Amino acid sequence: RPRSRPYRPALPQGCSEPEVREPRLRDTPEDICFDATANAIALHPERPLLAAGDLDGDVYLYSYSCTEGQNRQLWSSGHHLKSCRDVAFSQDGQKLFTVSKDKAVHILTVEEGRLETRFPKAHGSALNCVLPIDNHVFATGDDGGMLKVWDLRKGDAILEARQQEEYISAMAVDGNGKILLTASGDGTLGVFNVKRRRFELLSEPQNGDLTSVVLLKRGRKVACGSSEGTVYLFNWDGFGAASDRFALRAESVDCMVPVTDSIVCVGSLDGVIRAVNILPNRVLGCVGQHLGEPIEQLAVAPGGQLLASCAHDQKVKFWDVSALRALVVDDYRRKKKKGAPLRALSNKAVGSGEDFFAGLRDEAEPAAA
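Note that the structure is predicted; figures quoted are calculated from it, not measured.

1. With respect to the side chain of S268
Here is step 1: As for its position among the elements, S268 is in the loop between β23 (263-267) and β24 (272-277).
Here is step 2: At 3.0 Å, the side chain of S268 and the backbone oxygen of S252 are in polar contact.
Here is step 3: Those residues in contact with S268 that sit more than four places away from it in its chain are A250, E251, S252, D254, R274, P294 and I295.

Now the structure itself:
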């Protein structure tokens, strides 16, 4: 006769049913591993989504979660013929911009990964970076120092300028979408007026390649990282010459992202992610590391709680940077014993049993928290 409940075989005497373990909640999402080195990453402005472009030209979209085992690949795209150099979400989060060594700009839909718009020969040289300015306008920079600003409504570039002699490594724009800044391998900072579609000025060349550019102090200060391990500061109304410089004593500053209005995280050739306070200038400590692997790019999640990093170890790692918001940095320099290790600013930075920090020295003086 029909059973009133599902049949379960009897368990041997003395045995009990195995307990179903709840997924563990972590401080940060688990690492995401790739088949090739991820050159570029971007985090969605509203949702827990990560985009990555790799050395083979493939682009991936992942959803990430602090619940164990919940990271998911949503789609992948293999439209680029050569290495994908940069990825960026549009401000409304509906499109993903990608640029490549193959000189092409691709615009994909975030939901499906469908190729919506393509500029196959956007530049004469390999593309290096892309920056959405608003939902219709975006900028691209290439290995030859050429900057182009594009308007999707016109389907073409509305500004083309080659004022810098080496590759454009990074770009930033003010809150009004008016002034565009470009960091270059020739050591200069370029200033362009997007609204008036013209070049404004070029800074004096600094030592080494300028590798990154960010706005701080509510837009009043601009910080640029260099391949020499120095951060150069500019006043917003004085781009001709640097107002200050701060040597981190790191091998390099390869990438930089703002976490608060005064604190940036910088990635270096030595694989260490340092938290740095700007004005007063202090190395606060180490947020995390890719052991001995040069760091390619950093990205901050909405709300500033999580930092993502990609390096030559073919991994994207996540770091908890929420504690940085509580740090108070004053002008008083505490005397520090020479040769002391970098202060760990997250539980993952302490190093899971590896004696990584034994040889790592922070020669700048940290502030009291």
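2. A few points about the pairing of strand β25 (residues 282-289)
Here is step 1: Most of β25 is tucked away, with eight of its eight residues classed as buried.
Here is step 2: Pairing between β24 and β25: six bridges, direction antiparallel. Bridging from a neighbouring strand, I273 pairs with G288 of β25.
Here is step 3: Count of turn residues in the β24/β25 antiparallel hairpin: four residues, of which L279 carries a positive phi of about 55 degrees.

3. Points about the sheet that holds strand β26 (residues 295-300)
Strands belonging to one sheet form pairs held by backbone hydrogen bonds; the direction of such a pair is parallel or antiparallel.
Here is step 1: Strand order in the open sheet formed by four strands is β1-β28-β27-β26, with antiparallel pairing between adjacent strands. Each edge of the open sheet is held by one strand with a lone partner, namely β1 (32-33) and β26.
Here is step 2: Pairing between β1 and strand β28 (residues 315-320): two bridges, direction antiparallel. Across the sheet, C33 pairs through a bridge with K315, a residue of β28.

4. Some thoughts on the pairing of strand β17 (residues 198-202)
Here is step 1: When strand β16 (residues 189-193) meets β17, the two strands line up antiparallel, connected through four bridges. Residue pairing across strands places V191 opposite L201, the latter belonging to β17.
Here is step 2: Counting the residues between successive antiparallel strands, the hairpin from β16 to β17 contains four residues, one of them, R197, with a positive phi of roughly 55 degrees.

Reading the values: rules and limits
- Residues numbered from 1 in each chain as written.
- Predicted model: local features only at pLDDT ≥ 70, side-chain atom pairs only at ≥ 80, totals over all residues.
- Heavy atoms only, no water.
- Helix = DSSP H or I, 4+ residues; strand = E, 2+ residues; numbered from the N terminus.
- Polar contact = N/O pair within 3.5 Å; in protein donor to acceptor, adjacent residues only side chain to side chain.
- Contact = heavy atoms within 4.5 Å.
- Buried < 20%, exposed > 50% of the residue type's maximum accessible area, 1.4 Å probe, protein only.
- Pairing = 2+ DSSP bridges.

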